[in-house]
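This is what each chain is made of:
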Amino acid sequence: MEIPLAISLITSAVSGFVSYRAAENNATAQEYAADAAEAQGEYNAQIDANNATQEVDQQIFLESQAESNKFRAIDKAQKNRDLLNKKLRAELATERLSLNSSFGTFEDTFTASTKTYENKLASFDFDTSASTYQFNLQAGEAGRKRNLAWDNGMAARDLTLASAANKATQFRNQADNTRLAGLGSAIGSVASMSNTYMTHTD
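Definitions and cut-offs
Residues numbered from 1 in each chain as written. Predicted model: local features only at pLDDT ≥ 70, side-chain atom pairs only at ≥ 80, totals over all residues. Heavy atoms only, no water. Helix = DSSP H or I, 4+ residues; strand = E, 2+ residues; numbered from the N terminus. Contact = heavy atoms within 4.5 Å. Areas by Shrake-Rupley, 256 points an atom, 1.4 Å probe, with all protein chains shown as cover. Buried < 20%, exposed > 50% of the residue type's maximum accessible area, 1.4 Å probe, protein only. Polar contact = N/O pair within 3.5 Å; in protein donor to acceptor, adjacent residues only side chain to side chain. Salt bridge = Lys/Arg side-chain N within 4 Å of Asp/Glu carboxyl O. Patch = residues over 30% accessible without salt bridge, like charges linked within 9 Å, V, L, I, M, F, W, Y side chains within 5 Å.

Draft legend 1. Structural view of the overall build of the protein. Scanning the protein from terminus to terminus reveals two helices and zero strands. For the protein, contacts bridging at least 24 residues in sequence account for 90% of all contacts bridging at least 6. Element-wise, carbon and sulfur atoms account for 57% of the exposed surface of the protein, whose accessible area totals about 13,600 Å².

Listed below in structure tokens is the structure:
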């Protein structure tokens with residue numbers, strides 16, 4: 001075998017091997033990048049889930065606080081109503097005694113006093129109801145935000161995981177293509193060596 005032929009064949013072989021190894025190394029690096037993209041995606045998805053959980057916990061606290069405030073307000077209102085009721089009944093009893101000893105239409109005057117008594121209690125009950133209704137609104141809003149925070153957090157987590165999976169798939173596809181290109185280059189080198197050998201031996 002002539003020296004120029006041997007050098008040409010060795011050069012082609014080394015070139016093919018180097019190209020193949022470089023492609024293999026690039027493909028391996030792309031596979032590592034795919035694994036890293038998935039790991040980063042899982043980490044980011046966990047952050048999304050943690051953030052959602054924190055927001056849900058905050059809204060649960062606010063909802064609980066509103067409910068607690070409502071029950072405290074109802075308890076306080078009930079005590080105040082009992083005091084008001086005693087006061088009004090005492091006033092009504094005093095008025096009834098004074099009417100018994102005076103002249104005039106007892107029934108009409110007492111009926112009007114009774115209505116005033118009932119109206120004051122009704123007004124108190126209405127104010128209490130309006131106050132506790134605000135706590136119901138606050139609790140309902142906190143519950144709505146809690147559900148929304150959870151739904152949004154899980155959607156963000158799923159999107160993060162899907163995005164990471166898509167990125168990892170792209171890296172793996174690149175790795176497959178790089179590996180295939182390296183194999184093609186190696187086969188091309190073998191074909192070139194074969195062609196060079198055949199040309200020189202004719």
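Draft legend 2. Region of interest: the side chain of T178. If you trace the backbone, T178 turns up in helix α2 (residues 106-201). Using a relative accessible area of 17% as the deciding quantity, one classes T178 as buried. A polar atom in the side chain of T178 sits 2.8 Å from the backbone oxygen of Q174. Filtering out sequence-adjacent residues up to four positions away, T178 remains in contact with A23, N26, A27 and Q30.

Draft legend 3. Representation of the side chain of Q30 within the structure. For Q30, the location among the structural elements is in helix α1 (residues 3-100). Dropping the residues within four chain positions of it, Q30 is found in contact with F171, Q174, A175 and T178.

Draft legend 4. Summary view of the pattern of salt bridges. On inspection of all chains with the given rule, the structure shows eleven salt bridges. The partner of D35 in a salt bridge is R172, with the nearest N and O atoms 2.8 Å apart. One end of the pair, D35, is in helix α1; the other, R172, is in helix α2, and 137 residues separate them in sequence. A relative accessible area of 30% places R172 in the partly exposed class.

Draft legend 5. A nonpolar patch on the surface, seen in detail. A cluster of nonpolar residues, L180, L183 and I187, forms a patch on the protein surface that exposes about 300 Å² of accessible area. Inspection of the secondary structure puts L180 in helix α2.

Draft legend 6. Spotlight on the environment of Q46. Its location among the elements puts Q46 in helix α1. The class of Q46 is partly exposed, set by a relative accessible area of 45%.

Draft legend 7. A look at the environment of Q40. Note on placement: Q40 falls in helix α1. Residue Q40 is classed as partly exposed on the basis of its relative accessible area of 43%. C-alpha separation for the pair Q40 and A164, spaced 124 residues apart in sequence, amounts to 7.5 Å.

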